[in-house]
Amino acid sequence: MKSIKALLFCSLGMFLLIACGGESMGQGKVVINDQVVSSRQLSALKSAYGIDIQAGNYWYDKRCGAWGMLGGPTLGFVPPYLNVGGNLKQHASRGHTGVIVNGRELPLQDVNALKQIIDVKKGRFWLDAQGNGGYEGYGASFNLKYLAQRARGSSFYRNNYTGLGTGSSGGTFYMIGKDVSLILD
């Protein structure tokens, strides 16, 4: 099964709502959380994000920016709090796992992806666009972005001004540049 982990941490600056095998926008409707999106809203989204939303039936979690096809798992993340669609329904992904995030019961695919980076328990959770989350009614107890980075076991950063890149992997720190390289164990 293809990991959804990479989808969980894509840039929030991109707006990718592409239907799997959907009709072109001119031939069908865009429905988000059981509400038809008006042509005015679609034009505003295209203007703001530069992409057409393909016709299809989607769910969208306004709090964290997660989205997917109605009845399916998370396919990606987009900016949160977009003014589209109705309220997210618990059954939007047809999940039966007992794991509920921002009101949506997760399907097995989402739970399995999360299990790669965190111990998943049944219950009701909240999650924001920065990856912070916890049990409903309580403060943050985890950050999915941090946990995913830690699970990968490495990090890399490149400064565009200096051209130097730094990173770590398995306890080893390294720095790489045009005329320099340094490795510290």
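What you see is a predicted model; the values in this text were computed from it and never measured. (Residues numbered from 1 in each chain as written. Predicted model: local features only at pLDDT ≥ 70, side-chain atom pairs only at ≥ 80, totals over all residues. Heavy atoms only, no water.)

The subject of this paragraph is the packing of aromatic side chains. In this structure the tally under the stated criterion is 2 aromatic pairs. We note Arg104 situated over the ring of Trp59; from NZ or CZ to the ring centre the distance is 3.8 Å. (Phe/Tyr/Trp six-rings, centres within 6.5 Å; stacked < 30°, edge-to-face > 60°. Lys NZ or Arg CZ within 6 Å of the ring centre and 35° of its normal.)

Let's shift gears to unusual backbone geometry. At Asn33, a position not held by glycine, the phi torsion is positive, near 50 degrees. Here Asn33 shows up in the loop between β1 (30-32) and β2 (35-36). The exposure class of Asn33 is buried, given its relative accessible area of 5%. (Helix = DSSP H or I, 4+ residues; strand = E, 2+ residues; numbered from the N terminus. Buried < 20%, exposed > 50% of the residue type's maximum accessible area, 1.4 Å probe, protein only.)

We now examine the pattern of salt bridges. Two side chains with opposite charge may pair up if their charged atoms get near one another. Tallied over the entire structure, the rule returns 4 salt bridges. Residues Lys89 and Asp34 are paired through a salt bridge, measuring 3.5 Å at the closest nitrogen-oxygen approach. Remark: Asp34 occurs in the loop between β1 and β2 and Lys89 occurs in the loop between β5 (76-77) and β6 (99-101); sequence separation between them is 55 residues. Using a relative accessible area of 33% as the deciding quantity, one classes Lys89 as partly exposed. The class of Asp34 is partly exposed, set by a relative accessible area of 47%. (Salt bridge = Lys/Arg side-chain N within 4 Å of Asp/Glu carboxyl O.)

Attention shifts here to the sheet that holds strand β3 (residues 56-60). Read from one edge to the other, the open sheet built from 5 strands follows the order β2-β1-β3-β4-β5, with strand pairing classed as mixed. Because the sheet does not close on itself, it has two edges, and the strands there are β2 and β5. (Pairing = 2+ DSSP bridges.)

With 18 residues, the main nonpolar core has Val99, Val101, Leu106, Leu127, Phe142 and Leu144 as its most contacted residues. Of all the elements in the fold, those that place two or more residues in this core are β6, α3 (108-115), β8 (123-127) and α4 (144-152). Take this core: its biggest share by element is 3 residues, from α4. Excluding residues within four positions of it along the chain, Leu127 makes contact with Arg63, Cys64, Val101, Asn102, Asn132, Gly133, Phe142 and Leu144. Residues Val30, Val37, Trp67 and Met69 belong to the second largest nonpolar core, which totals 13 residues. (Core = buried A, V, L, I, M, F, W, Y, C linked by side-chain atoms within 4.5 Å. Contact = heavy atoms within 4.5 Å.)

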